[in-house]
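Residues per chain are reported as follows:
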There are 2 protein chains.
Amino acid sequence: MQELHDFLRAELEDLNRLITDSLKNTRVPLITEIAHHIMAAGGKRLRPLLTFLCAGMCDNKDHDRMIRLGACIEFIHTATLLHDDVIDQSNQRRGRPSAHTLWGNEASVLVGDFLFSRAFELMVEDDSSEVFKILSQTASKISEGELLQLTYAHSVSLNEDIYMDIIGAKTASLFAAACEIGALAAHSSHDQRNHLRALGYKIGLLFQISDDILDFCFSSIDLGKNAGDDLFEGKMTLPLILAYKTSNANEKSLIEDTLSDSKKFEKNFPLIKEIILQSRAIESTLTYAKAIQQDTLQHLLPFRESPQKKLLEKIVHFSLNRCDFF
Amino acid sequence: MQELHDFLRAELEDLNRLITDSLKNTRVPLITEIAHHIMAAGGKRLRPLLTFLCAGMCDNKDHDRMIRLGACIEFIHTATLLHDDVIDQSNQRRGRPSAHTLWGNEASVLVGDFLFSRAFELMVEDDSSEVFKILSQTASKISEGELLQLTYAHSVSLNEDIYMDIIGAKTASLFAAACEIGALAAHSSHDQRNHLRALGYKIGLLFQISDDILDFCFSSIDLGKNAGDDLFEGKMTLPLILAYKTSNANEKSLIEDTLSDSKKFEKNFPLIKEIILQSRAIESTLTYAKAIQQDTLQHLLPFRESPQKKLLEKIVHFSLNRCDFF
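What you see is a predicted model, and the numbers here were worked out from it, not measured in a lab. (Residues numbered from 1 in each chain as written. Chains lettered and ligands numbered in written order. Predicted model: local features only at pLDDT ≥ 70, side-chain atom pairs only at ≥ 80, totals over all residues.)

### Here we look at the overall build of chain A
Across its full length, chain A holds 17 helices and two strands. Taking all 326 residues of chain A together, 51% fall into the buried category. Counted over contacts in chain A with a minimum sequence separation of 6, partners at least 24 positions apart contribute 73%. (Helix = DSSP H or I, 4+ residues; strand = E, 2+ residues; numbered from the N terminus. Buried ≥ 20, exposed ≤ 12 C-beta atoms within 10 Å, placed from the backbone. Contact = placed C-beta atoms within 7 Å.)

Below, the structure written as C-alpha cells:
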C-alpha cells in the first residue's frame, strides 16, 4: 500500500485537493465537518488508485479527467459507507467512532445523499454519457446488493451462489466501475475496457472475501472495527456458509440461533469461530478465493509491461495476503 | 386536484406505467414491495404533474421525454421521502405506516438509494447534460437544505431568513426543477424556462409554508401524519418563528424548553398551539405567503392562455386554500 501511495503521490495530491475543494462549496458547515471526518479517516483511496493505475496502463490518459472521475468514485464509496453506518448500527469504522454515533442517523443519511449528489455534479463537469451510465447503474447495483443481503438476513438459506451475487453487487461493482472508468479516462480500446472492468470486478470479490475471512479471525482492535459484525446482524458470509454445510446438527442449530437472535451473539461468537476453525472453512474459503485470484491475473495479460501493471499484480496478490497465515 | 388528474389522465397513466416498469427490473422483491408501498400510497404525483403542465404550456412538447423526466422527478421525491422517514423517526406518512416502521431503517435508506440511482439511470436514457446538471444540483440542494435544518434543530436562533433558505433548498428546489424540466421537454425559450423555474420554486415555497401552517392547526387524523412533527424534532417553522418574536418571557422559555427536549412535547404542544393562535402568527404567516403567491402568478403572465395555464393558476391559489379559513 505504501509503494502504491508513493508511486501515485502526485495523483493522490490532486485527488485530495479536488475532494477538499468540492466539499468546501457549501453553506452547511456540518457537511464539511462530517465529510472531512469520514474522508480523512485513514481512507486508503483504493478505488481511485485503481482508476489511476488502469488509466496509466493504457496510452493517452487524460490526467484531469482521471482525477475527476476518481473523485466521483470516492464520493460514491464514502456515501455508501455513511449509509452503511446507519444500516449496520455498528459503532466503529476504521478504528474511529463512526459518523452516525457522533452526529446521529439523520446526518449520516443526509451527508451520504449529499456526497452521492456531488459525485453526479462532478460527472456533469465531465459530461460523458458513458460515465453517467456506468456510475448510475453501479449505484443501483450497490443498493440492490445491500438489499439482497438484507432479504437473506437471519436465514441460513444464503448459499454460495447468493453470496457471490451479493458481494458482486454491493462491493465488486464499484471496483469494476473504478477500473472501467480508468480505461475511459485513457481512451482505451473496447477490449482493454472489458478486461479492466472484469479485473476490477474480481479484485472487488477478492477484497470482500478477504474482509469476510478476517471478520472471523481477528479481534476488534486488530480490525479497527467490530469483529463478527456480519454475524451479529444475522448475515452469513462465505466462511460461515461453508462451515454450516459440514457442521453437525448441534452446530447447525447453534449457528441458526445466533443468526436469528443478536442477543446470543456475545456468548456464541467464540463457539462459532471454533466451528469455523474446526471445519477448515477458512481454508476452503481461501481455496475458493485463490481460484478467483488466478482468474483475475488473466485480465492483465493483454497489457504491455509497465510499473502500473506490476502494481496491479501486487494488488491482486495483496488482496488475500492478510489471510495467508492460515 | 381531481380536475388536474382528470385533465392529465393519459399522461398520468403513462407515468405510472413507466414507474411500475422501472421498478420491476430488479432481482430483489423487497425493492418492488417497498417502492410500490410508498409510490402507491396516495401519491399525488404533484411534481410530475407540474412538469406536464409546464411542458404543455410551451409549444413543441416531446411526450415521451416529458413522461420520462416526470418519472425522474417522482423517483427523487420518493427517495427523499424514504430518507426523511429514517431521519424523522415519524411513524406515519400519508396516513399509512411509514416504510421504516414496516421494514426498518436499513431498507428505507437502501430503497431510497435505489430509487435515486434509478432516477439517474432514466436520465441516462434521456441523455441531456442540461437535465443531468439541473437534477444533480437539485439533489445536492435538497440534502443541504435538510442538513441546514438539522444544524438549527433545538435552537430558537432559526429566523425567517434561515427558514426561507431551508425550505427553498429542501422543498422548493425540486418544484423548480420539475417546472424547468417541463420547459426543457418542450424546447421552450430561455426566457420561458427561467419563468417556469421561478414559478416552480415559488409554488414549492407556498406548499411548504402551507404544510407548516397545517401542522399547528389540524389533528394527526386530519393531516394523515403526526401533527407537530417539526416541533417534536426541535425544528422551528414560520408560524413558531413569528409567534416566538412577539411572545413574553414565560412563553419564550416554554418554546425553548419544548424545542430542546422532545419529552416535553406531549404536555406542551397544546400550550404552544395556544401561543401561536393568540399571537396571530398564523395570520402573519399567511400574509407573508400571500405576498409570495402574488409574485408567483407574475411568472405565468408571459404565457398565452391555455387550459394548462389555468390549471397552474389554480394550483397557485390552491396552495394556500387549505389554510384559508383562518
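Having put the structure on the table, let's press on.
### Things to note about the relation of the copies chain A and chain B
Of the transformation superimposing chain A on chain B, the axial component is 0.0 Å and the angular component is 180°, with the fit at an RMSD of 0.0 Å. Interpreted geometrically, this transformation is the action of a two-fold axis. Taking the C-alpha atom as reference, chain A places Val109 of chain A closest to the rotation axis, 3.7 Å from it. Here 100% of the interface residues in chain A have copies in chain B that are interface residues too; the copies meet face to matching face. (Least-squares fit on C-alpha atoms with pLDDT ≥ 70 in both.)

### Topic: the packing of helix α10 (residues 190–217) of chain A against helix α16 (residues 281–298) of chain A
Residue and element names in this part refer to chain A. Running from N to C, α10 and α16 cross one another at 165°; their axes reach a closest spacing of 10 Å. Between α10 and α16, the interaxial angle falls into the category roughly antiparallel. Considering how the two elements wind past one another, α10 and α16 form a crossing that is left-handed. Contacts between α10 and α16 pair Leu199, Lys202, Ile203, Leu205, Leu206, Ile209, Ile213 and Cys217 from the former with Ile282, Thr285, Ala289, Ile292, Gln293, Asp295 and Thr296 from the latter. When grouped by side-chain class, the residues that make up the contact of α10 with α16 number ten nonpolar, three polar and two charged. (Axes fitted to C-alpha atoms, helices over the stretch in contact; angles between N-to-C directions. Parallel < 35°, antiparallel > 145°, perpendicular 65-115°, else oblique. Left-handed = near helix turned anticlockwise from the far one by under 90°. Nonpolar A, V, L, I, M, F, W, Y, C, P; charged D, E, K, R; others polar.)

### Focus on the confidence of the model for chain A
Residues and elements named next belong to chain A. Mean pLDDT over chain A works out to 89, with 90% of the residues at or above the 70 mark. Confidence scores differ between elements of chain A, with strand β1 (residues 92–93) showing the lowest mean pLDDT of 45 and helix α9 (residues 160–184) the highest of 97. Predicted as a complex, the structure gets a pTM of 0.92 and an ipTM equal to 0.90. (pLDDT = per-residue confidence, 0-100.)

### Here's the deal with unusual backbone geometry
Negative phi is the rule for most residues except glycine; trans is the rule for most peptide bonds. Phi at His154 of chain A takes a positive value of approximately 65°, unusual for a residue other than glycine. Structurally, His154 of chain A is set in the loop between α8 (129–151) and α9. A count of 16 C-beta atoms within 10 Å places His154 of chain A in the partly exposed class. Phi is positive for Arg280 of chain B, which is not a glycine, with a value near 55°.

### Some words on the interface of chain A and chain B
Listed as interface residues are 37 residues of chain A and, on the opposing side, 37 residues of chain B. Going through the elements one at a time, α3 (29–40), α5 (63–88), α7 (105–126) and α8 of chain A are the ones with two or more residues in the side of chain A that touches chain B. For the side of chain A that touches chain B, the residue count by class is 18 nonpolar, ten polar and nine charged.

### Describing α10 of chain A
For α10 of chain A, with 28 residues, the first-to-last C-alpha span of 41 Å sits near the 40 Å given by 1.5 Å per residue. Of all 28 residues making up α10 of chain A, 20 are buried, and the element is well covered by its neighbours. (Expected span 1.5 Å × (residues − 1).)

### Notes on the environment of Asp161 of chain A
With respect to the helices, strands and loops of the structure, Asp161 of chain A is situated in helix α9. Remark: the alpha-carbon pair of Asp161 of chain A and Lys267 of chain A, spanning 106 residues in sequence, is separated by 30 Å.

### Topic: the packing of helix α9 (residues 160–184) of chain B against helix α10 (residues 190–217) of chain B
Residue and element names in this part refer to chain B. In the contact formed by α9 and α10, the axes pass within 7 Å of each other and the chain directions differ by 145°. Crossing hand, α9 versus α10: right-handed. Considered class by class, the residues forming the contact of α9 with α10 number 15 nonpolar, seven polar and three charged.

### Structural notes on the environment of Leu122 of chain A
Residues and elements named next belong to chain A. When you line up the elements, Leu122 lands in helix α7. As for Leu122 and Asn60, which are separated by 62 residues in sequence, their C-alpha atoms are 22 Å apart. When sequence neighbours within four positions are dropped, the list of residues in contact with Leu122 reads Ser22, Arg68, Ala71 and Cys72.

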